[in-house]
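Here is how the chains run, residue by residue.
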Amino acid sequence: MNTCLRMSIIVLMFRIDWRKFLFVGTSITLTGILLQISTLPYPLTIWIPPPPLAISSHRPFNGTTRLGETATSLAQDGQFESVVLLNHSAEFNQPVPVLEEGKKVSQQSIRSKAAKPEVLVTLPTHSRINVPGRLLRHIRSLTPDEALIYAKKEIESALLVTSDPDLYAPLFRNLSVFKRSYELMELILKVYIYQEGKRPIFHQPQLKGIYSSEGWFMKLMQGNRQFITTDPEKAHLFYLPYSVRQLQLALYVQDSHDIKPLKRFLRNYVIMLSSKYPFWNRHHGSDHFFVACHDWGPYTVTEHEELTKNTIKALCNADLSEGIFVTGKDVSLPETTIRNPRKPLRNLGGKRASQRSILAFFAGRMHGRVRPLLLKYWGNKDEDMKIYRLLPNTVSRNMSYAHHMKSSKYCICPMGYEVNSPRIVEAIYYECVPVIIADNFVPPLDEVLDWSAFSVIVAEKDILRLKEILIAIPLRRYLTMQTNVKMLQKHFHWNPRPVRYDMFHMILHSIWFNRLSQIQMPQQS
């Protein structure tokens, strides 16, 4: 043992259940033996544990069960061989063992408790996952369907994660499940993009305006190297690269109120793909997806039954009342207004909470069923409630629309003709707590984000009570939500060069996550 410790080793072999320690950045507390290796270029502390205790934190797979509710021993008789790969360029986290959720002890206190030592495995944090070559070869040998089953099993047994340097736990329904799912996406997911289809409807992203989410996703997906495969036999997901906005501009006859030509066009496109290739028919389109931010996105698919019922639809118009959007299968797409595609993240941020003098703010056009009621009850009725049809010139000369949002505690985000609103993301950008008024609306990325942590959702029938609802929120609760909004911001950024956990990756993850949730696990004999 002493000889081994004196060696500057790159790969450590020890006996442990690798499946439970797959991902970097994981700290697990168990009982066992402490090894300290100080001769490496980076200090490393490893505890060699007995069979580990796992926290079953997410059943059903896409439910909202909180961490720590169920603890089951996953240890079986026998031991498993594993490898920890060390990367000399990695930074190592300071080892802080977790005894149970919410309780931490110092490493010094662990050393002093010889009778009851705690076990800590500290691994380096990477932007990519380090896994043993044998495990990676095994995953790559799986068919796409087998790989999805493997991923779902891994996520269902996700270990307890109470904190992460790159993720803020209060934002998520279940941090452990999100982290494990995201890392598996990075490790496994391959997407095939169909090349069929002519511009401008296909392969031509529109990067400006309120429907720009579908364009930005298309641009970044087509330019991605990590997730794209040119071999459809290796694909776990198939992307239909069309823009509903471009479809509307190309085929809709102005003032005709007839979108049947758009429906027929998409129906014929899918029929062509399903007759030309075998991939659609293998799962009847359930491993295919499209991304549409235009209001007509859900209505343009109804001429093709499998496109409507089976395909994963990432939609800004995530309206449950229409019977087209399906929670748990489809993805609510954030609606973002991009004014300058060269600088999509300009002018972010806002005043600190103590300097936000306006209780609530809204200014906008009066279309749809909700906004006229908002103006009727609160327009020029209360000094604390700055509610306008459009921002009057006399007001905007002194304080712009953006400055109003940056100076408000709550930003009112009522639906327009359809349920979503770009004001939700604007509020997040300006660090203003969004107040969503849209019955039957599924908030963006709802399968992983906990919207109760950073927003207020008000029923349409309670518009008359809007101020009462807002002033009833305790100051401490508001400050927590406002802090959460600031921490949330990075997950809603369109970066010209995508970074981990930004908008592009969050949307892609939700598509991946919802695909996994539809996978039927094989019956165990």
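Whatever comes next refers back to the structure up there.
Residues numbered from 1 in each chain as written. Predicted model: local features only at pLDDT ≥ 70, side-chain atom pairs only at ≥ 80, totals over all residues. Heavy atoms only, no water.

Side note on the overall build of the chain
Right, on to step 1. The number of helices and strands found in the chain is 17 helices and 20 strands.
Right, on to step 2. For the chain, buried positions account for 56% of its 525 residues.
Right, on to step 3. Within the chain, residue pairs in contact and separated by at least 24 positions form 73% of the contacts whose partners lie at least 6 positions apart.
Right, on to step 4. For the chain, the accessible area works out to roughly 24200 Å², and carbon and sulfur atoms hold 51% of it. (Helix = DSSP H or I, 4+ residues; strand = E, 2+ residues; numbered from the N terminus. Buried < 20%, exposed > 50% of the residue type's maximum accessible area, 1.4 Å probe, protein only. Contact = heavy atoms within 4.5 Å. Areas by Shrake-Rupley, 256 points an atom, 1.4 Å probe, with all protein chains shown as cover.)

Overview of the packing of aromatic side chains
Right, on to step 1. Under the criterion given, the structure shown has 25 aromatic pairs.
Right, on to step 2. With a centroid separation of 5.3 Å and an interplanar angle of 20°, the aromatic rings of Phe238 and Phe279 are classed as stacked. Residue Phe238 is located in strand β12 (residues 237-239), and its partner Phe279 is located in helix α9 (residues 279-283); the two are separated by 41 residues in the primary sequence. Considered together, Phe238 and Phe279 belong to a single accessibility category, that of buried residues.
Right, on to step 3. Aromatic side chains Tyr239 and Phe289 sit 5.0 Å apart centroid to centroid with 10° between the ring planes, which places their arrangement in the stacked category. Placement of the pair is Tyr239 in strand β12 and Phe289 in strand β13 (residues 288-292), with a sequence separation of 50 residues.
Right, on to step 4. Looking at Tyr239, the relative accessible area reads 0%, which means it is buried.
Right, on to step 5. What links up through ring pairs into an aromatic cluster is the set Tyr192, Tyr194, Phe238, Tyr277 and Phe279. (Phe/Tyr/Trp six-rings, centres within 6.5 Å; stacked < 30°, edge-to-face > 60°.)

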